[in-house]
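# Coordinate analysis (summary)
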Amino acid sequence: MLHILNILFLAGIFLSVPCLSFECLAEDKTGITLAKAQICEEVKQSECLFPNKIISSSKGKIYCYSVFDSVNNPSIVYHRWYHRDELVVTHTLKIKPSYYVATSSMQIREKDKGPWRVEIVNEDGTIYAVLRFSIVD
Amino acid sequence: MPPLISLRWQDVVDILFVSYLLFRFYVIFKGTHVLRVLVAIAFLFFLQRIAILLGLVITSWTIQGITAASALIIIVLFTREIRSVFQTKNLGLLLWGITFRQKETPYDIIADVVYEFAKERTGALIIIPGKEDIRGVVQRSIRWDGRLSREMLQTIFDKNSPVHDGAIIVQGDRITEVSVILPLSTNPSLPSYFGTRHRAAVGLTEVTDALVIVVSEERGVVSVSKGGEITPVSQKELLIQIMRRHLGILAPEKEATKRLRIELGLVALVSVLLITVAWMSFTKGYDTIISYSVPIEYTNRPPHLEIIETSVSSAKIEIVGPAPVLKAIKPEHISVRLDLSGSVAGKSVYTLTKESIQLPPGATLSKVVPQFVEVYLDEIVEKILPVQVDWVGTLDKELLVTHVELDPSRVRVFGGKRTLEGIETIYTEKLPADTVTSDATLTARIALYPPSLRLVPGQKDKVAVLVKVQRRGEKTS
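Definitions and cut-offs
- Residues numbered from 1 in each chain as written.
- Chains lettered and ligands numbered in written order.
- Predicted model: local features only at pLDDT ≥ 70, side-chain atom pairs only at ≥ 80, totals over all residues.
- Heavy atoms only, no water.
- Pairing = 2+ DSSP bridges.
- Helix = DSSP H or I, 4+ residues; strand = E, 2+ residues; numbered from the N terminus.
- Axes fitted to C-alpha atoms, helices over the stretch in contact; angles between N-to-C directions.
- Contact = heavy atoms within 4.5 Å.
- Buried area = accessible area lost by both parts, 1.4 Å probe.
- Salt bridge = Lys/Arg side-chain N within 4 Å of Asp/Glu carboxyl O.
- Polar contact = N/O pair within 3.5 Å; in protein donor to acceptor, adjacent residues only side chain to side chain.
- pLDDT = per-residue confidence, 0-100.
- Disulfide = S-S within 2.5 Å.
- Buried < 20%, exposed > 50% of the residue type's maximum accessible area, 1.4 Å probe, protein only.
- Parallel < 35°, antiparallel > 145°, perpendicular 65-115°, else oblique.
- Left-handed = near helix turned anticlockwise from the far one by under 90°.
- Nonpolar A, V, L, I, M, F, W, Y, C, P; charged D, E, K, R; others polar.
- Expected span 1.5 Å × (residues − 1).

## Some thoughts on the sheet that holds strand β7 (residues 229-232) of chain B
All names here are of chain B.
- Read across the open sheet, the seven strands follow the order β2-β4-β3-β1-β5-β6-β7; overall the sheet is mixed. If you trace the sheet from one side to the other, it starts and ends with β2 (142-147) and β7, each paired once. Put simply, the sheet's adjacent strands are angled 25 degrees from each other on average, direction ignored.
- Examined bridge by bridge, strand β1 (residues 124-128) and strand β3 (residues 167-171) share two bridges and lie parallel to one another. If you follow I126 over to β3, its bridge partner there is I168.
- Of the strands in this sheet, β1, β3, β5 (211-215) and β6 (222-226) are in contact with helix α6 (residues 107-120), which crosses β5 at around 30 degrees.

Below you can see the structure in the form of structure tokens.
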């Protein structure tokens, strides 16, 4: 009995690990789950390089990098970029069983300094996660 | 000119109080030079008001300057008189008392004795002070304070008396001082046969309003000095008349009292008239307009609603009224209040009416801008919102912030329903990224915006910020 409880506890920790780096809010009805989501200074060969939450405006471009699990059918996800609660841009991204990484990017300028968030949303409007970061000097 | 009907009670009090002051000035300084100078200053003042009315700018300025200088001159010239008024021990006499001056002085005894002295060739010098204080003028006196009588006068001026030299001072029915040394007159027109006694009498009356009776030892002549003049008086009746005039007892007591009452009544009436004219002259500028910017106060707001926005925060109030009244008004004396009782959520337009503007007495509302105020009220609701750090400054280029965690990560806030609909995040106050050099826990205060938002009671207004960093090039875990 104690052994089963230990297994369940470890399973719980394992399942909750992806949510430590962003706000996990809901699960998709289709079974698609968000495995990883990060704000990156660079994305190369579908890999996030230099994940960061305080990014200098001199970087010029930033990326929202998301990886999904259980993608059995082609689907659409959205990356909604907000600057201080104001929607700046929405990226529509396709994911499919063979390509389950969705990446969006945004050019940053001097006036974009301040707190930002990116909501990762599915077609139904269900929010998978919210990534928060700031653009500074 | 404002109609008299529009007089406020404050105006009436104003006029009566200053009239009473003027009346008291007359009572206190009656018979002295001060009153004459004050009358001259009052005349100058009215002349200046007339000059202003006629638009004579330079004339009014000049008269104003002379009037101001006169006030200073009065203090310097009449120091003695002013001091004698304020040195009075009887405050009641100063503020409301009216005296019948020295009516008890036994002038008949003085007259009898001085003519006896003249026959006997006994020299004497008797001072009967007027309104002015003579203490600053006379020197080296001996305090006596005895009731005046024939015998006492004879004793004092007896040649064998140690105090027969010098003058005596008579106050009412008492001899207050003896052996008084007086200043000698340097008037060259005085006859050469006048000795020290006569020159001393003239010397005192040149600088005070006292009456001095002199009995010549050599010639046996009774003389009276007043106002710097000295005259021989051969008849006792004439001397009595002079003393009575000096003491203000020209008629029998009852008649004198009646006359004094009539005189004071007239003075009171003239005082009121003068001050009323002066008041009207001051308040002539009834068409004076002053404009104030006054913050609008919103009262009786239903407790479940909150003011989210108003079209204006203050109103420009133009008021009209007498210039002195308007000059005395400060912006805090004016208030603009909008009654929000019965309001509902949403935008409402209110009219700023006379009832919503409280003005001090004497001022009348001329204009209010704007006339309409839009007030946006919203229902107060509670919402749980995530907190995010508002980083500023520069982060070390070698560092990557891989993890930021807040405690608490969410806060409960109160605010207008519609306001909160558009708010998805509560930010902290600006936190410098420069301070991040390694893994650390920082503290940041929650910044609520718009200011109408409030934290639900019991919530901390600060959050702990756990930051984890990694150097560029280090392997990401």
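## A word on the interface of chain A and chain B
- With 21 residues of chain A at the contact, the number on the chain B side is 25 residues.
- In total, chain A and chain B occlude about 1,900 Å² of area from one another, counting both sides; carbon and sulfur atoms represent 51% of this.
- The interface formed by chain A and chain B includes two salt bridges.
- The partner of R472 of chain B in a salt bridge is E41 of chain A, and the shortest N-O contact between them spans 2.7 Å.
- Where chain A packs against chain B, one counts 14 residue pairs in polar contact (both at pLDDT 80 or more).
- Mapped by element, the contributors of at least two residues to the side of chain A that touches chain B are β3 (47-51), β9 (114-122) and β10 (127-136) of chain A.

## A look at the confidence of the model for chain A
- For chain A, the average pLDDT comes to 83, and 79% of its residues sit at 70 or higher.
- Throughout residues 7-18 of chain A the model reports pLDDT below 50, and contacts reaching past four residues in sequence, or to other chains, amount to three contacts.

## With respect to the state of the cysteines
All names here are of chain A.
- This model, assessed by the stated rule, comprises one disulfide over all chains.
- Across the disulfide, C40 is cross-linked to C48 (sulfur-sulfur distance 1.9 Å). Here C40 and C48 share a disulfide; its torsion about the S-S bond, -115 degrees, makes the bridge left-handed.
- The class for C40 is buried, based on a relative accessible area of 0%.
- Here C64 is not cross-linked by a disulfide; its sulfur's nearest cysteine counterpart is in C40, at 7.8 Å.

## Structural notes on the pattern of salt bridges
All names here are of chain B.
- Evaluation of the coordinates by the stated rule reveals 23 salt bridges over all chains.
- Note that R147 is salt-bridged to D173, the shortest N-O span being 2.6 Å. Of this pair, R147 sits in strand β2 while D173 sits in the loop between β3 and β4 (174-180), and the two are 26 residues apart along the sequence.
- Here K383 ties to E424 by a salt bridge, and the two come within 3.7 Å at their closest N and O atoms.

## Considerations on the packing of α6 of chain B against helix α9 (residues 236-247) of chain B
All names here are of chain B.
- Contact geometry of α6 with α9 gives a least axis separation of 9 Å together with a crossing angle of 140 degrees. By the angle between their directions, the pair α6 and α9 is classed as oblique. Of the two possible hands of crossing, α6 and α9 adopt the one that is right-handed. Contact with α6, carried on its side by Y107, D108, I110, A111, D112, V114 and Y115, involves K236, L239, I240, M243, R244 and L247 of α9 and no other residues of that element.
- Class assignment for the residues of the contact of α6 with α9 results in nine nonpolar, no polar and four charged.

## Observations regarding the pairing of β3 of chain B
All names here are of chain B.
- Of all five residues in β3, four are buried; the element is thus mostly enclosed.
- Both β3 and β4 contribute to a ladder of four bridges, which runs antiparallel. Bridge pairing in β4 places A167 opposite V180.
- Two successive antiparallel strands, β3 and β4, enclose a turn made up of two residues, where G172 displays a positive phi of approximately 60 degrees.

## So, helix α8 (residues 196-207) of chain B
Residue and element names in this part refer to chain B.
- With twelve residues, α8 should cover 16 Å at 1.5 Å per step; its first-to-last C-alpha distance of 17 Å lies within 8% of that length.
- Turning to α8, its buried residues number three or more, namely H198, A200, A201, V202, G203, L204 and T205.
- Tucked into the core, α8 has its buried residues touching β1, β5, β6 and β7.

## Looking at the environment of P457 of chain B
All names here are of chain B.
- For P457, the location among the structural elements is in the loop between β20 (454-455) and β21 (462-471).
- With relative accessibility at 68%, the residue P457 sits in the exposed group.
- Spatially, the C-alpha atom of P457 lies 8.9 Å from that of V413, the residues being 44 residues apart in sequence.

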